[in-house]
Amino acid sequence: MSATHGWLRRQLPGIIGLALVVGLFFVVRLPSASASERADIASHYAFTPMSIDLPGGYPQQTIRRVNQEYKHIDAWISSVGAGIAMNDLDGDGLANDLCLTDPRTDQAIVAPAPGKGQARYRSFALNPGDLPMSGTKMAPMGCAPGDFNEDGRMDLLVYMWGRTPILYLARANSFGLTAATYRAVELVPSSPGATYNGPLWNTNAVAIDDFDGDGHVDIFIGNYFPHGPVLDDSVDTGVAMNDSMSNGLNGGEDYFFCWEDGTAGARPSAKFKLIDNALPEKASKGWALGAAANDLDGDLLPELYLAHDFGPDRLLYNRSSPGHLEFALVEGSRSAVVPKSKVIGHDSFKGMGVDFGDLNQDGMYDMFVSNITTSFGIEESHFMFMNEAKSQADLKSKFAEGDAPFSDESAPLNLAWSGWGWDAKMGDFNNSGNLVVAQATGFVKGEVNRWPQLQELATSNDGLLKHPIWWPNVGAGDDVGGSQRMHFFAKSPDGSYVDIADQLGLAIPTPTRGIATGDADGDGKLDFALARQWAEPVFYHNDSPDTGAFIGLRLTHQPTAVSNPVQRGTLPVVGSPAVGAQVTVTTADGRRFISRVDGGSGHSGKRSTDVHIGLGADVSGPLKVVICWRERGGQLRKEELTMTTGWHDLNLDFLTKNTPTNER
C-alpha cells in the first residue's frame, strides 16, 4: 500500500497537469457545427460563379521583377497586387461596373459585371496617357472609385508601388465607357517627362472619406515598404525589410490629401492638398496593408483604423475641423486575462484587412480585422472587436480620454482562425438581418512548403530582420498557405459563426486578396467580386433563396463642378456619393439597423457606395429612416424619413429642400 501511495505522490504533478490540459481543451475548444447544421445554414445562401471579361493582348507574368536585394524572396514581394472594386461607373443606377488590378498583366482594368447588362461595353485597361511611367519598375496595387472632381460622375484612383497614385477622371463628353473616357492626372504634382522621377511610394492601403469635416472627400494613402525602388531589378540598394516582427515602425510614411478644387469638362481636373504630419510617427510609419474609415462616435468625423503588418494596428480618434486635420491614438485597456496582442493599439499581429459593421445589432459599430492564423505555421488570431460603449456619447467621452472600449470576441464567436487573412467584408447576403463575414485568405502558391523557414524567421532576432539578406528563400515554386480558401462565416442559431464556404462552392484552393460587394442587378441581393493573386478574378452572382426584405439607399450630393452644355448620350450626371453619411433604420417592431456610405475601406477590395441593409423576413409597415450627413461646407444635417423597403435614390441637397425621394 505504501508503495502505491509513493507512486501516486510521484505521479501527482503529471496527473494534475494532464487533467488541466484536458479540462482546458473542453473549455477553450471552438464550437463545431455538424455537417447537417452547416448544410442547413448554407441552404439560405447560393452564389453562381461567373467569369469576368478581361482585355487581351497584354504580356503575362507569373512573378515580379524585383530589386536585386529582394531576388531570393521575389515570390514574397510578388504576393500582393490583386484588387477589385464594385460601383456604378456609367451612371445607369446599378453597381454593375468593376475596376480591378491584375498582377498577371500589371494593368488596372474596367470591366462590366457579368450577367445582365454585360454587353454595355467591352472591358479595357486604363491608359495613363502622357503621365511619366517606368515600365516594370512600378505596378498597380488597387483601384478605388470616387467622384474626385465633384462633377457628379464616378472617377477612379489607382494606387501603386513605384510611384504616387494616379487619378482617372471621367470626361464630361464621353459616350459610354472606354479607355478614352478617363483623363489621367497626378494626385501628387510631378516633373514632366516620359520617365517617372517622382517619389517612390509603395502603397497598399487607401481610405476615402471626409476626414476634416468640410463636406468634401479626402484621401488617405497608407504605404507599406519604405519609399524606394522595390520593383527596380536594375539596382541592389535603396530597400529594407521590417525592423521587427512585432513592433515594426520603419515602413513607408502615410499621407492625407484634402480636397481643394475640381473642374469638369473634356479635360477634368482635381486638386488635393498633401498633408504629411497629421498622424503620430508611430502610426504613420507602420507597414500598412489595410485601412478603414468610419464615424464611430456620432460627430460625422470618421475615425481611422490602420491594419499594420509586423506590429500594432492603430485606431485614430478624429478631432479635425475644416481645413485642419488632427488625430489622436486611442488604445484598449489590458487586464490580467487579456493578452497584450488582443488589445487595440498593443497587438503584435500581422494586420492585413479591416471592416466595420454592427455585428450584434446594438446600434454601435464593431470591427473585424484579418491577421495570420495558420495552424503549424503562424497561428495568431483574427480580431472581432466588439464595441462595449453604452452609446455614441459614451464612446466619444472614452475616446477623449484615450480609451478604445472594444474587446476581442473572435474566439467565442468562432471567427478567430481561418488562414493567412487579407481583405474582409461584412454584409447581409440573404437579407436576414444578420451580417456575414466574408474573408480572403492564402499567401504564395507553389509546390515546396516554406512554412518551416518562415517559422524560423518569425523567431529570429529583430536586429537581422530589416536586412533582406537574412530572409529565407521564398521564390518561384515555393508555397506558403497557397491552398488556403476564401471563407464565408454565417451566423448560426446559437449566435456563433460557421464557415460555409465549402458548402457554397466558394472554397477554391487559390490565394485570394480583395473582396468587393454591391447589388449588380438591382434585385436587392448583395453580389460580390473576388480578386485572386496570380489567378483570374471571379464574380459571384447572388442567387440566395427566400431572402428577406431590405432597404437600399443611393445617397448623393449635387455636383460642384459643372460642365455646360452636357451632350445627349454622354455619361449622365448622377451626383457625387455622399461619402460618410450615416443611416439608421428602425422597423415597426423596434429593431434597429445601421450602415453608412463607405468611400472605400479594407485591403484591396472596395464595396459600392450604395447603402444596403437587410431587414429579415418579418417586416411590415413603414420604416423610420434617419440620415445624418455633412453638407458641402461642413454643416451637419439630420433628416428623419418614413420609407418603404426596396431601392431609393436620394439627393441630399434636394432633401434639405423637402424634395420627395425617388424610388427605383
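Residues numbered from 1 in each chain as written. Predicted model: local features only at pLDDT ≥ 70, side-chain atom pairs only at ≥ 80, totals over all residues. Heavy atoms only, no water.

Turning next to the overall build of the chain. Each helix and strand counted, the chain has eight helices and 40 strands in total. Scaling as 2.2 N^0.38, a compact globule of 664 residues should have a C-alpha radius of gyration of about 26 Å, and the chain matches this with 25 Å. Dimensions of the chain, computed from C-alpha atoms along their principal axes, come out at roughly 105 × 65 × 50 Å. In the chain, which comprises 664 residues, the share counted as buried stands at 62%. Here the contacts in the chain between residues at least 6 apart in sequence split such that 65% fall between residues at least 24 apart. About 24700 Å² of surface is accessible on the chain, with carbon and sulfur atoms providing 53% of the total. For the chain, the distance from the average position of its 53 positive side-chain charges to the average position of its 80 negative side-chain charges is 2 Å. (Helix = DSSP H or I, 4+ residues; strand = E, 2+ residues; numbered from the N terminus. Rg over C-alpha atoms; globule rule 2.2 N^0.38 Å. Buried < 20%, exposed > 50% of the residue type's maximum accessible area, 1.4 Å probe, protein only. Contact = heavy atoms within 4.5 Å. Areas by Shrake-Rupley, 256 points an atom, 1.4 Å probe, with all protein chains shown as cover. Lys, Arg positive; Asp, Glu negative; His and termini not counted. Charge placed at Lys NZ, Arg CZ, Asp CG, Glu CD.)

A separate point is the pattern of salt bridges. Summed over the entire model, instances satisfying the criterion amount to 29 salt bridges. A salt bridge links glutamate 536 to arginine 532, with the shortest nitrogen-to-oxygen separation between them at 2.8 Å. Here arginine 637 makes a salt bridge to glutamate 631, at a shortest N to O gap of 3.7 Å. When salt bridges with common partners are traced through the structure, they connect Asp90, Asp92, Asp97 and Arg120 into a single cluster. (Salt bridge = Lys/Arg side-chain N within 4 Å of Asp/Glu carboxyl O.)

Going through the model one piece at a time under the given rule, you end up with nine cavities of 30 Å³ or more. Considered as a void within the structure, the largest cavity measures approximately 420 Å³ in volume. Considering the residues around the largest cavity, the lining is formed by 29 residues, among which Met426, Gly427, Leu435, Ser595 and His612 are closest to the centre. For the lining of the largest cavity, the secondary-structure elements that each account for two or more residues are β18 (353-357), β22 (421-427), β28 (512-518), β34 (592-596) and β36 (611-616). Element by element, the count of residues in the lining of the largest cavity is highest for β34, at five residues. Looking at the lining of the largest cavity residue by residue, the classes come out as ten nonpolar, eleven polar and eight charged. When we break the lining of the largest cavity down by domain, the ones giving at least three residues each are domain 1 (48-542) and domain 2 (550-656). Quantified by volume, the second largest cavity comes out at close to 250 Å³. What lines the second largest cavity is a set of 28 residues, among which Asp210, Val217, Ala578, Val579 and Gly580 lie closest to the centre. Here the lining of the second largest cavity is built from residues that sort into eleven nonpolar, ten polar and seven charged. (1 Å grid on protein atoms, 1.4 Å probe; cavity = no way out; pocket = protein on both sides within 12 Å on 5 of 7 lines; lining within 4 Å. Points joined across faces, edges and corners; volume = space filled by probe spheres on them. Nonpolar A, V, L, I, M, F, W, Y, C, P; charged D, E, K, R; others polar. Domains from an automatic or database assignment.)

Under the local residue numbering, the UniProt record ascribes the feature "domain: ASPIC/UnbV" (unreviewed entry) to residues 578-630. The annotated region residues 578-630 carries 0% helix and 49% strand content, and the separation between its end C-alpha atoms amounts to 8 Å. (UniProt positions renumbered as here; feature names shortened; annotations may be inferred.)

Read from one edge of the open sheet, four strands run β10-β11-β12-β13, paired in antiparallel fashion. If you trace the sheet from one side to the other, it starts and ends with β10 (203-209) and β13 (269-275), each paired once. For this sheet the average axis-to-axis angle between neighbouring strands, irrespective of direction, equals 25°. Bridging between strand β11 (residues 218-223) and strand β12 (residues 255-263) involves three bridges; their strand directions are antiparallel. Across the sheet, isoleucine 219 pairs through a bridge with phenylalanine 257, a residue of β12. (Pairing = 2+ DSSP bridges. Axes fitted to C-alpha atoms, helices over the stretch in contact; angles between N-to-C directions.)

In this section: the sheet that holds strand β23 (residues 436-441). The four strands lie next to each other as β22-β23-β26-β27, forming an open sheet whose pairing is antiparallel. If you trace the sheet from one side to the other, it starts and ends with β22 and β27 (497-499), each paired once. Each strand of the sheet is rotated relative to its neighbour by a mean of 20°, with strand direction disregarded. Bridge count between β23 and strand β26 (residues 487-491): three bridges; the pairing is antiparallel. Bridge assignment links valine 437 to a residue of β26, and that residue is phenylalanine 489.

By the definition in use, this model includes one disulfide. Bridging cysteine 99 to cysteine 143, the disulfide has an S-S length of 2.0 Å. Looking down the S-S bond of the cysteine 99 and cysteine 143 bridge, the torsion is 95°, so its handedness is right-handed. Taken together, the positions of cysteine 99 in strand β3 (residues 97-102) and cysteine 143 in strand β6 (residues 139-146) put the pair 44 residues apart, joining distant regions of the chain. With respect to burial, cysteine 99 and cysteine 143 carry one shared label: buried. (Disulfide = S-S within 2.5 Å.)

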